[in-house]
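In case you want the letters, here they are:
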Amino acid sequence: MAPASLIDTDSKFDPDDLELRDAVRSFCDNRFRPGVSEWYETGEFPVREAARELGGLGVLGMHLTGYGCAGSSAMAYGLACLELEAVDSGLRSLVSVQGSLAMFAIWKWGSEEQKAHWLPRMARGEAIGCFGLTEPDFGSNPGGMRTFARRDGDDWVLNGNKMWITNGSVADVAIVWAQTSPQGDASGIRGFVVPTDTAGFSAPQIKHKLSLRASVTSELVLDEVRLPAAAVLPGAAGLRGPLTCLNEARFGIVFGALGAARDCLETTIRYSREREVFGRPLAGYQLTQAKLADMTLELEKGMLLAIRLGELKDGGGLKPEQISLGKLNSTREALEIARGCRTILGAAGITGEFPVMRHANNLESVLTYEGTSEIHQLSIARAITGHAAFN
Amino acid sequence: MKIITLVKQVPDTWSERRLDPETGRVDRAVSEAVIDEISERAIEAALALKDADKSTTVTLLTMGPAGALDALRKGLSMGADDAVHIRDDALQGADVTITSRVIAAALLRRPWDLVIAGNESTDGRGGVLPAMLAERLGVASATGLDSFELTGGAAGGDLVGRRSADGVDEVLRLGFPSVVSITERMPDARFPNFRGILGAKKKPVEVLTAADLGLTDLHPAVSVVSVAERPPRQAGTRIIDDGSAAAALADFFASRRLI
Ligand SMILES: Cc1cc2nc3c(=O)[nH]c(=O)nc-3n(C[C@H](O)[C@H](O)[C@H](O)COP(=O)(O)OP(=O)(O)OC[C@H]3O[C@@H](n4cnc5c(N)ncnc54)[C@H](O)[C@@H]3O)c2cc1C
């Protein structure tokens, strides 16, 4: 039996949401699962093709309304992330960055012209977006960013570097966050909608990754990138701009990481029933059973937390520290589950024949991006102690 | 062009399937009911025509229990416009003479140019329903098509179909209205997208009983007398080749009168 069904979590979902989830699952199993191990091994992920397929399905920006977006519940979006990440975290990263970071930034903070120009094409997967916040020297503390937007008449001129930017090299549009205050005041941070064919913009790809290999990660180089006044996101001022977007994506990861864990666990349960050691199935040994039981328990607990956050989000009141609880738990436990499953698979677990080590490697990135596990601990602890250990 | 696609819900081929020994009918409790794959292809064929000409309408029609609505919803989420669900407890276990009468009566209630069906369902496998419908309605039919296309656009054209059997490739031409059935060689069905799935709930489904169709005296032409399950397979004989295998094999074949 599927581990995620021991406590019948499906009964907590709206039938419409389940239908969308099932559609994503069968689509992913059909279109992406067969090729993913190869993409991972070669480090060549056909982003454009995948984006068009996902756009055709309706996943890109699915929880947004208008502009060709499906307008689903947050819960349905979470479930879609879960199914995507059950195939590969890279696939889910593509959807997170497109829908929750790039599209969401425009949808939430953009002008009517920016929305009408970009969102429908992005929803269809014809235009790919990236989200440039992190810099080489500023990851957990983006408020210190050095990328600077200088006013020149009505224009803006951007200079600086962004690092670790998912889909940077394949993007048609980059949402770039830059400082506009010469004093480096966090309130001076603004977002810019940068067409990637603008002069002075380049995005070299980062090679030699050992994690998220079925995903494109890049550096963004902004060298005197001149933009019209209309390129700024009018609604966003200060760090609240990018952080609001990150919270959208983090919500998807709360569900997504559990998808990777589920795939590991399902694979491992199947394997342990078939693999004979010392003359009988590995699944029948108490040590294996204890591992499988504990991992199943963590997955179920993770699902309950995710569902609760989904209820809060659809109710309109999800707080950052609540998202931190889910992001921390799902990524940390999914990684533990992936590693635990790997031990049960023995040597077979280190090959690409099984998805387990691929998931484990991917989850190292998922643990770190969108706020490291430590930063989420700090956010939770700030909420319960009233003391901020960081600012 | 107005197209009606026939849809059937069947027990999932990938799960256990069984007949109820009492009634001789499909035991619906043991397996999940799904839309027949060949029905999905038939819907795909209709939707491909709709893609090429937006004025085309695609109506799905099924005869089946309440749960068959799921099969219709699947087709509506793929992009069909509306559906007709013939649903009547009295029709349980209907044979193909009854089914063809009922569906023909339903088809007479609305205008259409083309009926597309699968060549045979994965459960009943009669394969004669499309031809029987055409006969009852007095229209042309071409069955078992591997591909087809419309010539001369929506108005006044023909349908040209291709099929192959026993080493012969046939090309058939027929006018409208007509009934065609298609094979597994037709393209795979498209995936429904979110817009389709969410929109399918709002599409109209007309529910009809046999009485609504003016049919009361429905009697099967054939009735199932008995159904017996095949005895479970015996364990095979293992021949180990220690030099005598050839003789043992020959003896085995001879015992079955195969040589
Ligand atoms: C594959 C991948 C894709 C990514 N995609 C994007 C993207 O699309 N867009 C984007 O903007 N960014 C992206 N990132 C960047 C990601 O968000 C950052 O890596 C992350 O925020 C951490 O920053 P850092 O790597 O600079 O680590 P650092 O901030 O240098 O952290 C190093 C360590 O110090 C710890 N630490 C930091 N501050 C504290 C503190 N106050 N107390 C205790 N410990 C602390 C951290 O938890 C961590 O363990 C991506 C990263 C990866 C790996």
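Residues numbered from 1 in each chain as written. Chains lettered and ligands numbered in written order. Predicted model: local features only at pLDDT ≥ 70, side-chain atom pairs only at ≥ 80, totals over all residues.

### Quick look at the sheet that holds strand β6 (residues 114-118) of chain B
Residue and element names in this part refer to chain B. Spatial ordering of the open sheet is given by β7-β11-β6-β1-β4-β5-β12, a layout of seven strands whose pairing is parallel. Two strands in the sheet have a free side with no partner beyond their single neighbour: β7 (140-145) and β12 (205-208). Within the sheet, the average angular offset between the axes of one strand and its neighbour, ignoring direction, is 20 degrees. In the sheet, β6 pairs with strand β11 (residues 178-182) via five bridges, with the strands oriented parallel. Looking across to β11, one finds that Ala-117 is bridged to Ser-181. Running over the sheet, helix α3 (residues 96-107) touches β1 (2-6), β4 (57-63), β5 (82-86), β6 and β12 and is turned about 150 degrees from β4. On the sheet, helix α4 (residues 129-137) packs against β6, β7 and β11 and is oriented at approximately 175 degrees with respect to β7. (Pairing = 2+ DSSP bridges. Helix = DSSP H or I, 4+ residues; strand = E, 2+ residues; numbered from the N terminus. Axes fitted to C-alpha atoms, helices over the stretch in contact; angles between N-to-C directions. Contact = placed C-beta atoms within 7 Å.)

### Brief notes about the interface of chain B and chain A
Facing the seven residues of chain B at the interface are eleven residues of chain A. When grouped by side-chain class, the residues that make up the side of chain B that touches chain A number five nonpolar, one polar and one charged. (Nonpolar A, V, L, I, M, F, W, Y, C, P; charged D, E, K, R; others polar.)

### Considering the sheet that holds strand β9 (residues 158-165) of chain B
Residue and element names in this part refer to chain B. Spatial strand order, β8-β9-β10: three strands in an open sheet with antiparallel pairing. Pairing within the sheet leaves two strands with one partner each, and these edge strands are β8 (147-151) and β10 (168-174). When the angles between neighbouring strand axes are averaged without regard to direction, this sheet yields 20 degrees. Relative to β9, β8 runs antiparallel, the two sharing five bridges. What sits directly across from Ser-147, in β9, is Arg-162.

### Topic: the environment of Ser-11 of chain A
Looking at the element boundaries, Ser-11 of chain A is found in the segment before α1 (15-31). Taking the C-alpha atoms as reference points, Ser-11 of chain A and Ser-187 of chain A, 176 residues apart in sequence, are found 44 Å from one another.

### Looking at the site of the ligand
All names here are of chain A. As a matter of local geometry, the ligand sits amid 20 residues, with Leu-133, Gly-139, Ser-140, Thr-372 and Glu-374 nearest to it. Those elements giving two or more residues to the shell around the ligand turn out to be β1 (129-132), β3 (155-166), α10 (356-368) and α11 (373-385). Counting residues per element, the shell around the ligand draws most heavily on β3, at three residues. Class assignment of the residues belonging to the shell around the ligand gives a composition of nine nonpolar, nine polar and two charged. (Near = placed C-beta within 6 Å.)

### Here we look at the packing of helix α4 (residues 74-87) of chain A against helix α5 (residues 89-109) of chain A
Residues and elements named next belong to chain A. The N-to-C vectors of α4 and α5 enclose an angle of 140 degrees; their axes lie 5 Å apart at closest approach. Every residue of α5 that contacts α4 at Cys-81, Leu-84, Glu-85 and Val-87 is listed here: Ser-89, Leu-91, Arg-92, Val-95 and Ser-96. Here the residues of the contact of α4 with α5 sort into five nonpolar, two polar and two charged.

### Some remarks on the UniProt feature "domain: Acyl-CoA oxidase/dehydrogenase middle" (unreviewed entry) in chain A
The UniProt feature table records "domain: Acyl-CoA oxidase/dehydrogenase middle" (unreviewed entry) at residues 130-225 of chain A. Helix makes up 0% of residues 130-225 of chain A and strand makes up 47%, while its end C-alpha atoms are separated by 16 Å. (UniProt positions renumbered as here; feature names shortened; annotations may be inferred.)

### Comments concerning the domain arrangement of chain A
All names here are of chain A. Domain annotation of chain A identifies domain 1 (3-123), domain 2 (129-231) and domain 3 (240-385). Taking only C-alpha atoms, the centre of domain 1 and the centre of domain 3 are 19 Å apart. Between domain 1 and domain 3, the residue contacts involve 32 residues of the former and 35 residues of the latter. When contributions to the side of domain 1 that touches domain 3 are tallied by element, the ones reaching two or more residues are α2 (33-42), α4 and α5. For the side of domain 1 that touches domain 3, the leading source of residues is α4, giving eleven residues. (Domains from an automatic or database assignment.)

### Re unusual backbone geometry
A cis amide bond links Phe-176 of chain B with the next residue in sequence, Pro-177 of chain B, at an omega value of -5 degrees. Counting through the fold element by element, Pro-177 of chain B comes out in the loop between β10 and β11. Even without a glycine there, the phi angle at Phe-278 of chain A is positive, about 45 degrees. Mapping Phe-278 of chain A onto the fold places it in the loop between β8 (276-277) and β9 (280-281). Note on Phe-278 of chain A: 6 C-beta atoms within 10 Å, which makes it exposed. (Buried ≥ 20, exposed ≤ 12 C-beta atoms within 10 Å, placed from the backbone.)

### Section: the environment of Leu-218 of chain B
All names here are of chain B. Among the structural elements, Leu-218 can be located in the loop between β12 and α6 (245-255). Judged by the 16 C-beta atoms lying within 10 Å of it, Leu-218 falls in the partly exposed class. Spatially, the C-alpha atoms of Leu-218 and Thr-97 are 9.0 Å apart, while their sequence positions differ by 121 residues. The residues contacting Leu-218, other than those within four sequence positions of it, are Ile-98, Arg-101 and Ala-210.

### Observations concerning the pairing of β4 of chain B
Residue and element names in this part refer to chain B. Counting buried positions over the seven residues of β4 gives six, a clear majority of the element. Inspection of the sheet shows β1 paired to β4 by five bridges, in the parallel sense. Paired with Thr-5 across the strands is Leu-60, a residue of β4. Note that β4 and β5 share five bridges and pair parallel.

### Description of the nonpolar core
Residue and element names in this part refer to chain A. Ranked by internal contacts, the top residues of the largest apolar core, which has 169 residues, are Ala-102, Phe-192 and Ala-338. When residues in this core are grouped by element, the largest group, 14 residues, is from helix α7 (residues 240-274). Beyond its immediate chain neighbours, meaning those up to four positions away, Ala-102 contacts Val-97, Met-122, Gly-129, Cys-130, Phe-131, Val-173 and Ile-175. (Core = buried A, V, L, I, M, F, W, Y, C linked by C-beta atoms within 7 Å.)

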